[in-house]
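As a plain string of letters, each chain reads:
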Amino acid sequence: MEFTLSEQAEQFRSEIKRILREVGTAEVIDRQHQTGTFNSLEVNRALAASGLLERACPGLGRGDPIELWILFNELDKSGVGYDGISVALLAAGVINHVGSDLQKQTVIPSILSGETLVSLGYSEPDHGSDVASITTRAVRDGDEWVIDGAKMWTSLAHEAQWILLLTRTDPDVPKHKGLTMFLLPMDTPGISIEPVRTMGSERTNATFYDNVRVGSECVLGEVNGGWRTMGVALAFERGVMGGTASGVSLVRHFHHWARGTGLLDEPIVRERLARIAIDNVVASLLTQKAAWIAASGGLPGLEGSMVKVFATEAYQKAAAWCQQMAGPAGLLHFHEPGAAAEGYVDYDARHAPVTTIYGGTSEVNRNNIAERHLGFPKAR
Ligand SMILES: Cc1cc2nc3c(=O)[nH]c(=O)nc-3n(C[C@H](O)[C@H](O)[C@H](O)COP(=O)(O)OP(=O)(O)OC[C@H]3O[C@@H](n4cnc5c(N)ncnc54)[C@H](O)[C@@H]3O)c2cc1C
């Protein structure tokens, strides 16, 4: 197996690093932690202007397929929040797979220009893991659809121009068969947004849909084929578009701080950092496989679950270890004097748990692996 990157891929990586150094400044990162909105229009635009977003879009990239992994690996390590562009590129990949010509022509170019974001409206107050049970209704009325309901955890809805909205269009068939996905503009009358603050400092949202009227051109994929569209979206979301290298920046921040304080002289500290570094390498290799499949036009439904479970659980364990090793300094926030690793130890410990929840919990992904890989019977 040849792990060395091609010259073209190395150049792609260097260009991303240059942009992140120049545009992803400490101020940009600090603003994201203060606001809880992990998106930077400046960074998205700069990446787009150099053609880098297009090259890393699943199924659309014309370069080396490994570039999808490189983009998110560099974003992950830089500390620049990239949730916005990650979900937008994911949506571009879904539209490319199942969208109409009109959707492809209008939405994909604006995403690749770095100007447009898309949020994901699947989860509801009472339905997260069992998303096929959602109750938000879309009812046909002549040439239009009328949507009513409520969604929970609609991250980045306050910044996005579009939303992928999962609705129930036929309540009289088995639950997976009566769902339809819509791609609709966030400024459609009848949509409202309420902020939700989380332990990990991220701002997410509750969103409400009251007599929202849209045309049939907003259906993404087939009517009552929403489960398939959702499957494409989840295959790109899990383990492909970032979130699997958070342990790398954690270990770098902690190592730098522990060397300065003398903590690194403790054998147990060195051993744990070595274990975290090994997990980071395993996560990286698993991610490369899933990202390669997605970038080459495939759907890594199983591979993505495998890397998501491994990488996020390893990150959560690493963050807990670092906080434990740092002692009281590991409880201090950014900008508090004496905070371990300038506050990153506290931040990573608060942020890591949610990574094992969004995009499908570890339990749900384990079920997926058990069914698809090990041939176990369906969990439900
Ligand atoms: C910060 C944040 C951001 C998010 N962003 C978005 C977003 O942008 N868009 C969106 O649509 N959703 C988003 N989500 C929602 C996320 O996908 C759900 O929280 C997740 O799928 C779990 O659903 P739930 O919270 O309803 O928990 P539940 O489904 O109620 O699960 C509770 C517990 O039961 C376990 N469990 C459930 N079913 C099974 C099973 N079959 N087998 C074994 N164990 C099971 C779960 O693993 C979990 O431990 C976000 C969530 C958070 C916290």
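Residues numbered from 1 in each chain as written. Predicted model: local features only at pLDDT ≥ 70, side-chain atom pairs only at ≥ 80, totals over all residues. Heavy atoms only, no water.

> Could you clarify how one ought to interpret the pattern of salt bridges in this entry?
Side chains that differ in sign of charge can pair as their charged atoms come close. By the definition in use, this model includes 16 salt bridges. Across the salt bridge formed by Glu124 and Lys151, the nearest N and O atoms sit 3.0 Å from each other. A residue pair is termed long-range when its members are at least 10 positions apart, and Glu124 in the loop between β1 (118-121) and β2 (137-141) and Lys151 in strand β3 (residues 144-152) qualify at 27 residues. Overall, Glu124 belongs to the buried group, its relative accessible area being 4%. Among the residues examined, Lys151 registers a relative accessible area of 1% and is labelled buried. Because the salt bridges share partners, they merge into one network encompassing Arg13, Glu74 and Lys77. (Salt bridge = Lys/Arg side-chain N within 4 Å of Asp/Glu carboxyl O. Helix = DSSP H or I, 4+ residues; strand = E, 2+ residues; numbered from the N terminus. Buried < 20%, exposed > 50% of the residue type's maximum accessible area, 1.4 Å probe, protein only.)

> Would you mind showing me how to read the domain arrangement of the protein chain here?
Accessible area lost on assembly of the parts is the figure often given for the size of an interface. Along its sequence, the protein chain is carved into domain 1 (7-117), domain 2 (119-226) and domain 3 (238-372). Between the C-alpha centres of domain 1 and domain 3 there is a distance of 21 Å. Taken residue by residue, the interface counts 21 residues in domain 1 and 24 residues in domain 3. Interface area for domain 1 against domain 3, summed over the two sides, is near 1,800 Å², with a carbon-plus-sulfur share of 64%. (Domains from an automatic or database assignment. Contact = heavy atoms within 4.5 Å. Buried area = accessible area lost by both parts, 1.4 Å probe.)

> Can you walk me through the site of the ligand in this structure?
Close to the ligand lie 17 residues; Leu120, Ser129, Trp153, Thr361 and Glu363 are nearest. Tyr122 is positioned with one of its backbone polar atoms (N or O) 3.0 Å from an oxygen atom of the ligand. Ser155 has a polar side-chain atom sitting 2.9 Å from a nitrogen atom of the ligand. Burial of the ligand by the surrounding chains reaches 67%, relative to a free accessible area of 970 Å². Here the shell around the ligand is built from residues that sort into six nonpolar, eight polar and three charged. (Near = heavy atom within 4 Å. Polar contact = N/O pair within 3.5 Å; in protein donor to acceptor, adjacent residues only side chain to side chain. Areas by Shrake-Rupley, 256 points an atom, 1.4 Å probe, with all protein chains shown as cover. Nonpolar A, V, L, I, M, F, W, Y, C, P; charged D, E, K, R; others polar.)

> Explanation requested: the pairing of strand β7 (residues 203-215) in the structure shown.
Two faces make up the sheet, and in a regular strand the side chains alternate between them. In terms of strand pairing, β3 meets β7 through eight bridges, oriented antiparallel. Bridge pairing in β7 places Trp145 opposite Val214. As judged from the seven bridges shared by strand β6 (residues 191-197) and β7, these two strands associate in the antiparallel manner. By the bridge assignment for β7, Arg197 is matched with Arg203. Between β6 and β7, which pair antiparallel one after the other, the connecting turn spans five residues, and Ser201 there sits at a positive phi close to 70°. (Pairing = 2+ DSSP bridges.)

> Looking at this structure, I do not really get the side chain of Ser201. What am I missing?
Among the secondary structure elements, Ser201 is positioned in the loop between β6 and β7. If we ignore the near neighbours within four places in the chain, the residues touching Ser201 are His33, Gly36, Phe38, Tyr347 and Arg350.

> Can you walk me through a nonpolar patch on the surface in this structure?
Together, Met1, Phe3, Val281 and Leu285 make up a nonpolar patch on the protein surface, roughly 490 Å² of accessible area in all. Relative to the elements of secondary structure, Met1 occurs in the segment before α1 (7-23). You can call Met1 exposed: its relative accessible area is 89%. (Patch = residues over 30% accessible without salt bridge, like charges linked within 9 Å, V, L, I, M, F, W, Y side chains within 5 Å.)

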